[in-house]
Amino acid sequence: MGLMEGETVDIFLDTANLDEIKRWLEYGLLDGVTTNPTVMLKDGGYDMEERAREIARLVGPRPVSVEVTTDDPAQMLQQAHRIASWSPNIVVKIPVVTERGQPCLGVVRDLELAGVRVNMTACLSFGQAILGAKAGATYVSIFAGRVADEGHDAAALIREVIDWLGRWGSRTRVIAGSIREAVNIKDAAVAGAHVITVPPAFLEKFVDHRYSRDTVRGFNEDAARALARMEELQAIAVRAGGEARR
Ligand code: E4P
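No experiment lies behind these values; they were computed from the predicted model shown.

Chemist: Go over the overall build of the chain with me, naming the residues and quoting the values.
Modeler: Along its length, the chain carries eleven helices and eight strands. What you see for the chain is a C-alpha radius of gyration of 25 Å, clearly larger than the 18 Å of a compact globule of 246 residues, by over 25%. Contacts in the chain between residues at least 24 apart in sequence constitute 59% of all its contacts with a sequence separation of at least 6. For the chain, the exposed area adds up to about 13,500 Å²; of that, 53% sits on carbon and sulfur atoms. Computing the positive centroid from 29 side-chain charges and the negative centroid from 34, the chain places the two 4 Å apart.

Chemist: Please provide a residue-by-residue account of the packing of helix H1 (residues 18-26) against helix H3 (residues 48-59), values included.
Modeler: One way to put it is that H1 packs onto H3 with a least axis distance of 11 Å and a crossing angle of 10°. Between H1 and H3, the interaxial angle falls into the category roughly parallel. Only Arg51, Glu54, Ile55, Leu58 and Val59 of H3 make contact with H1, whose side of the interface consists of Leu18, Ile21, Lys22 and Leu25. Class assignment of the residues belonging to the contact of H1 with H3 gives a composition of six nonpolar, no polar and three charged.

Chemist: Lay out the packing of aromatic side chains in plain terms, naming residues and giving numbers.
Modeler: Going through the model one piece at a time under the given rule, you end up with four aromatic pairs. Considering the side-chain rings of Phe12 and Tyr139, the 6.0 Å spacing of their centres and the 75° angle between planes classify their relative orientation as edge-to-face. Linking Phe12 in strand E1 (residues 10-14) with Tyr139 in strand E6 (residues 139-143), this pair joins segments that are 127 residues apart in sequence. Each member of the pair, Phe12 as well as Tyr139, is classed as buried.

Chemist: Requested: an account of the environment of Ile94, with residues and values cited.
Modeler: If you trace the backbone, Ile94 turns up in strand E4 (residues 90-95). Residues Ile94 and Thr70, spaced 24 residues apart in sequence, show a C-alpha to C-alpha distance of 9.7 Å. When neighbours within four sequence positions are excluded, Ile94 is seen to be in contact with Val68, Met76, Ala80, Cys104, Val107, Val108, Leu111, Val118, Asn119, Met120 and Thr121.

Chemist: Lay out a negative patch on the surface with the relevant residues and their values.
Modeler: A surface patch of negative charge is lined by Asp153, Glu160, Asp163, Glu181 and Asp187. Within the secondary structure, Glu160 sits in helix H8 (residues 154-168). Its relative accessible area of 42% is what places Glu160 among the partly exposed residues.

Chemist: Would you mind going over the pattern of salt bridges in detail, with residue names and values included?
Modeler: Tallied over the entire structure, the rule returns 13 salt bridges. Ionic pairing is found between Asp149 and Arg180, a salt bridge with its closest N-O pair at 3.0 Å. Highlighted residues: Asp149 in helix H7 (residues 144-149) and Arg180 in the loop between strand E7 (173-177) and helix H9 (182-191), separated in sequence by 31 residues. Residue Asp149 is classed as exposed on the basis of its relative accessible area of 54%. When the shortest N-O distance is used, the salt bridge between Glu232 and Arg229 registers 2.6 Å. Of this pair, Glu232 and Arg229 are both found in helix H11 (residues 210-245), three residues apart, which corresponds to roughly one turn of the helix. Among the charged side chains, a network of salt bridges with common partners joins Glu20, Arg23 and Glu204.

Chemist: Can you explain the sheet that holds E6? Please cite residues and give values.
Modeler: Reading around the barrel, the eight strands line up as E1-E2-E3-E4-E5-E6-E7-E8 and close back on themselves, with parallel pairing between neighbours. Sheet twist, expressed as the average angle between the axes of neighbouring strands with direction ignored, equals 30°. Looking at chain direction, strand E5 (residues 118-123) and E6 are connected through three bridges and run parallel. Each bridged residue has a counterpart across the sheet, and for Met120 the counterpart in E6 is Val140. Each of E6 and E7 is contacted by H8, which is oriented at about 170° to E7, the strand it contacts most.

Chemist: Help me get a handle on the site of the ligand, residues and values and all.
Modeler: The environment of the ligand is formed by Asp14, Thr34, Asn36, Lys93, Phe143, Arg146, Gly177, Ser178, Arg180 and Thr197. Lys93 is positioned such that a nitrogen or oxygen atom in its side chain is 2.7 Å from an oxygen atom of the ligand. Within the side chain of Ser178, a nitrogen or oxygen atom sits 2.6 Å from an oxygen atom of the ligand. Burial of the ligand by the protein chains amounts to 86% of its free accessible area of 340 Å². Counting atoms within 2 Å of the grid points, the majority share of the ligand lands in the largest pocket. The residue inventory of the shell around the ligand, partitioned by class, reads one nonpolar, five polar and four charged.

Reading the values: rules and limits
- Residues numbered from 1 in each chain as written.
- Predicted model: local features only at pLDDT ≥ 70, side-chain atom pairs only at ≥ 80, totals over all residues.
- Heavy atoms only, no water.
- Helix = DSSP H or I, 4+ residues; strand = E, 2+ residues; numbered from the N terminus.
- Rg over C-alpha atoms; globule rule 2.2 N^0.38 Å.
- Contact = heavy atoms within 4.5 Å.
- Areas by Shrake-Rupley, 256 points an atom, 1.4 Å probe, with all protein chains shown as cover.
- Lys, Arg positive; Asp, Glu negative; His and termini not counted.
- Charge placed at Lys NZ, Arg CZ, Asp CG, Glu CD.
- Axes fitted to C-alpha atoms, helices over the stretch in contact; angles between N-to-C directions.
- Parallel < 35°, antiparallel > 145°, perpendicular 65-115°, else oblique.
- Nonpolar A, V, L, I, M, F, W, Y, C, P; charged D, E, K, R; others polar.
- Phe/Tyr/Trp six-rings, centres within 6.5 Å; stacked < 30°, edge-to-face > 60°.
- Buried < 20%, exposed > 50% of the residue type's maximum accessible area, 1.4 Å probe, protein only.
- Patch = residues over 30% accessible without salt bridge, like charges linked within 9 Å, V, L, I, M, F, W, Y side chains within 5 Å.
- Salt bridge = Lys/Arg side-chain N within 4 Å of Asp/Glu carboxyl O.
- Pairing = 2+ DSSP bridges.
- Near = heavy atom within 4 Å.
- Polar contact = N/O pair within 3.5 Å; in protein donor to acceptor, adjacent residues only side chain to side chain.
- 1 Å grid on protein atoms, 1.4 Å probe; cavity = no way out; pocket = protein on both sides within 12 Å on 5 of 7 lines; lining within 4 Å.
- Sits in = over half its atoms within 2 Å of the grid points.

This is the structure:
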């Protein structure tokens, strides 16, 4: 199901950087956080449990996705329960398939049945996303940038998945991830993604604009000129008053 009337697209931050999370939280527009082992490594979250707990504490009750770190489905199940126990707002990321192509749909289903929310991750095709929804995943993550790397139209894929989920009345929410350029945020939003998870640098680019800066600078300069002119006129008036009294 696509966005309902009055609903807005959720923005998640794709990072494990605590300062960035605090900063974007303060702006009031953060709806959640996603991480993966690569993001944890890049942002210094070498102790995954410690960093995940800290992020979950900062953003709670908003969701934080934390990924399993094993390629064995049976171990994924065990690890997922442990990860989920760290905080009630943790959503466990389960890859759609293992490195060898073994589907992880059974892990997704078992976790959801046990009350653990799952973000089925690394989806690059329509079939993967749809099957993840059928298995009961709370979220399916479509890696838009990687879909584009393969020469495919990520926005069209997101739109098709959203349409099909709508026809089924599915409650699974589509996260558009793997954002590589600021324009991908718009593309995913227009395609109807429920959630877009964005690295902080692209959110920064999305809000900034060189011409906006110039525009603001122009207003500030004119405000300063107006103030100077007003002070000049007040000084003239004071002098004129003094001369009239003499
Ligand atoms: C988000 O949930 C994903 O893990 C992330 O966006 C993947 O991005 P990448 O394709 O740049 O690794």
